[in-house]
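Below are the chains, spelled out letter by letter.
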Amino acid sequence: MSNDNLLYENPLIGRYASKEMATRWGAQRKFSTWRRLWLILAEAQAELELLAENGLTQRIRPEQLTELRAHLDDIDFDVADSYENKLRHDVMAHIHTLGEVAPLARDIIHLGATSCYVTDNTDLILMRESLDDLSTKLASVIDALGHFAATWRAEPTLGFTHFQPAQLTTVGKRACLWCYDLVADLHELENRASGLKFRGAKGTTGTQASFLTLFRGDHEKVRQLDRLVAKKAGFGEVYAVTGQT
């Protein structure tokens with residue numbers, strides 16, 4: 001028996017999830033999205049000249065960003081597990097793991113951020129993708145049911161009320177009832193997806209104090225950073241107020 005067979009498996013995944021959905025929420029996609037978010041943060045900070053305004057000796061350099069871009073997907077999970085066993089912190093473990101393969105960028109990874117910058121923003125990205133995926137598949141089911149209803153629109157069948165046989169209806173009418181439930185579900189999925197905002201770059205406990213320090217008290221640049229990070233991640237809006245999560 002392999003070790004994999006000894007591990008708990010959630011039946012919602014093993015029995016019901018599509019390969020695409022299971023992959024989307026798997027470890028590779030999760031942690032590669034963390035790396036993309038670290039790149040996005042560093043790019044935004046570089047565009048806003050973070051280190052130049054902080055009076056330090058250098059800005060974020062193009063070669064540092066290039067190095068981050070080169071290591072978005074080549075995650076060494078054994079190294080990450082080793083760091084997590086030592087540090088007892090998943091985000092710190094992956095910061096160090098990325099820093100090993102991107103040593104030039106080690107000092108700018110996660111600069112000013114909190115753990116929930118990567119964890120919560122990643123969840124929001126994956127939730128939106130999942131909602132879009134479900135909406136597309138649900139629309140296909142609605143379309144198929146619509147064709148079915150049109151084909152059998154005049155076929156008589158027995159209708160029911162109070163779980164008892166009642167007057168005649170048609171197969172097409174019955175199919176429209178099923179379809180209309182799914183149309184309502186599709187509207188709800190689309191509404192949820194359209195209402196999702198990005199957590200953005202809020203810093204520890206959501207006060208943005210760490211970014212305000214890095215930008216030497218420039219409130220406008222901190223607001224620009226929040227918006228720019230969200231834009232780079234494909235979101236038009238951010239949640240105005242957050243806590244740690």
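None of these values were measured; they are calculated from a predicted model. (Residues numbered from 1 in each chain as written. Predicted model: local features only at pLDDT ≥ 70, side-chain atom pairs only at ≥ 80, totals over all residues. Heavy atoms only, no water.)

Enquirer: How do you make sense of the packing of aromatic side chains when you look at a structure like this?
Expert: The geometry of an aromatic ring pair is captured by the separation of the ring centres together with the interplanar angle, meaning the angle of the planes. Following the criterion strictly, the structure yields four aromatic pairs and no others. Their ring planes at 75° and their centres at 6.2 Å tell us that tryptophan 34 and tryptophan 38 sit as a pair that is edge-to-face. Linking tryptophan 34 with tryptophan 38, this pair stays in helix 3 (residues 27-47), spanning four residues, or about one helical turn. No difference in accessibility class separates tryptophan 34 from tryptophan 38, as the two residues are buried. An angle of 25° between the planes, with centres 4.7 Å apart, marks the rings of phenylalanine 198 and phenylalanine 235 as stacked. Note that phenylalanine 198 is positioned in the loop between helix 9 (171-195) and helix 10 (209-214) and phenylalanine 235 in the segment after helix 11 (219-232), a separation of 37 residues in sequence. As far as the burial class goes, phenylalanine 198 and phenylalanine 235 line up, both buried. Aromatic ring contacts, followed pair by pair, group Phe31, Trp34, Trp38 and Phe77 into a single cluster. (Phe/Tyr/Trp six-rings, centres within 6.5 Å; stacked < 30°, edge-to-face > 60°. Helix = DSSP H or I, 4+ residues; strand = E, 2+ residues; numbered from the N terminus. Buried < 20%, exposed > 50% of the residue type's maximum accessible area, 1.4 Å probe, protein only.)

Enquirer: Explanation requested: the pattern of salt bridges in the structure shown.
Expert: Where charged atoms from two side chains of opposite charge come close, those side chains can pair. A complete count under the given rule lists 15 salt bridges for this structure. Glutamate 129 is the partner of arginine 29 in a salt bridge, and the nearest nitrogen-oxygen pair spans 2.7 Å. On the criterion of sequence distance, the pair formed by arginine 29 in helix 3 and glutamate 129 in helix 8 (residues 115-151) is long-range, its members being 100 residues apart. The partly exposed category is assigned to arginine 29, whose relative accessible area is 26%. Among the ionic pairs, glutamate 63 bridges to arginine 61, the shortest N-O distance being 2.9 Å. The network of salt bridges with common partners includes Arg24, Arg29, Glu129, Asp133 and Lys137. (Salt bridge = Lys/Arg side-chain N within 4 Å of Asp/Glu carboxyl O.)

Enquirer: Is there a simple way to think about the nonpolar core in this case?
Expert: Side chains of a nonpolar character, in soluble globular proteins, are inclined to be buried together. In terms of nonpolar packing, the biggest core is built from 50 residues, with Trp38, Leu68, Tyr117, Leu225 and Val229 touching the most fellow members. Contributing elements (two or more residues each) for this core: helix 3, helix 5 (62-69), helix 7 (90-101), helix 8, helix 9, helix 10 and helix 11. By residue number, the principal contributor to this core is helix 3, which donates nine residues. (Core = buried A, V, L, I, M, F, W, Y, C linked by side-chain atoms within 4.5 Å.)

Enquirer: How should I be thinking about unusual backbone geometry in this particular structure?
Expert: For glutamate 49, which is not glycine, the phi torsion reads 55° and is therefore positive. The topology assignment puts glutamate 49 in the loop between helix 3 and helix 4 (50-53). Classification of glutamate 49 as partly exposed rests on a relative accessible area of 32%. The backbone phi angle of arginine 216 is positive, close to 55°, even though this residue is not glycine. With respect to the helices, strands and loops of the structure, arginine 216 is situated in the loop between helix 10 and helix 11.

Enquirer: Looking at this structure, how should I read the pairing of strand 2 (residues 164-170)?
Expert: Two faces belong to every sheet, and in a regular strand the side chains alternate between them. Pairing analysis gives five bridges linking strand 1 (residues 156-161) to strand 2, with the strands arranged antiparallel. Bridge assignment links leucine 158 to a residue of strand 2, and that residue is leucine 168. Counting the residues between successive antiparallel strands, the hairpin from strand 1 to strand 2 contains two residues, one of them, histidine 162, with a positive phi of roughly 55°. (Pairing = 2+ DSSP bridges.)

Enquirer: It is not clear to me how the packing of helix 3 against helix 8 should be interpreted in this structure. Could you clarify?
Expert: For any two helices packed against each other, the geometry comes down to the angle between their axes and how far apart the axes lie. Here helix 3 crosses helix 8 at 115°, and the two axes come no closer than 9 Å. Accordingly, the angle class assigned to the pair helix 3 and helix 8 is roughly perpendicular. In this structure, the crossing between helix 3 and helix 8 has a hand that is right-handed. Of the residues in helix 8, those in contact with Arg29, Lys30, Thr33, Trp34, Leu37, Trp38, Ile40 and Leu41 of helix 3 are Tyr117, Val118, Thr119, Asn121, Thr122, Ile125, Leu126 and Glu129. Per-class residue counts for the contact of helix 3 with helix 8 are nine nonpolar, four polar and three charged. (Axes fitted to C-alpha atoms, helices over the stretch in contact; angles between N-to-C directions. Parallel < 35°, antiparallel > 145°, perpendicular 65-115°, else oblique. Left-handed = near helix turned anticlockwise from the far one by under 90°. Contact = heavy atoms within 4.5 Å. Nonpolar A, V, L, I, M, F, W, Y, C, P; charged D, E, K, R; others polar.)

Enquirer: Would you explain a nonpolar patch on the surface in this entry?
Expert: A surface patch of nonpolar side chains, about 410 Å² in accessible area, is lined by Phe148, Trp152, Leu177 and Trp178. If you trace the backbone, tryptophan 152 turns up in the loop between helix 8 and strand 1. With relative accessibility at 38%, the residue tryptophan 152 sits in the partly exposed group. (Patch = residues over 30% accessible without salt bridge, like charges linked within 9 Å, V, L, I, M, F, W, Y side chains within 5 Å. Areas by Shrake-Rupley, 256 points an atom, 1.4 Å probe, with all protein chains shown as cover.)

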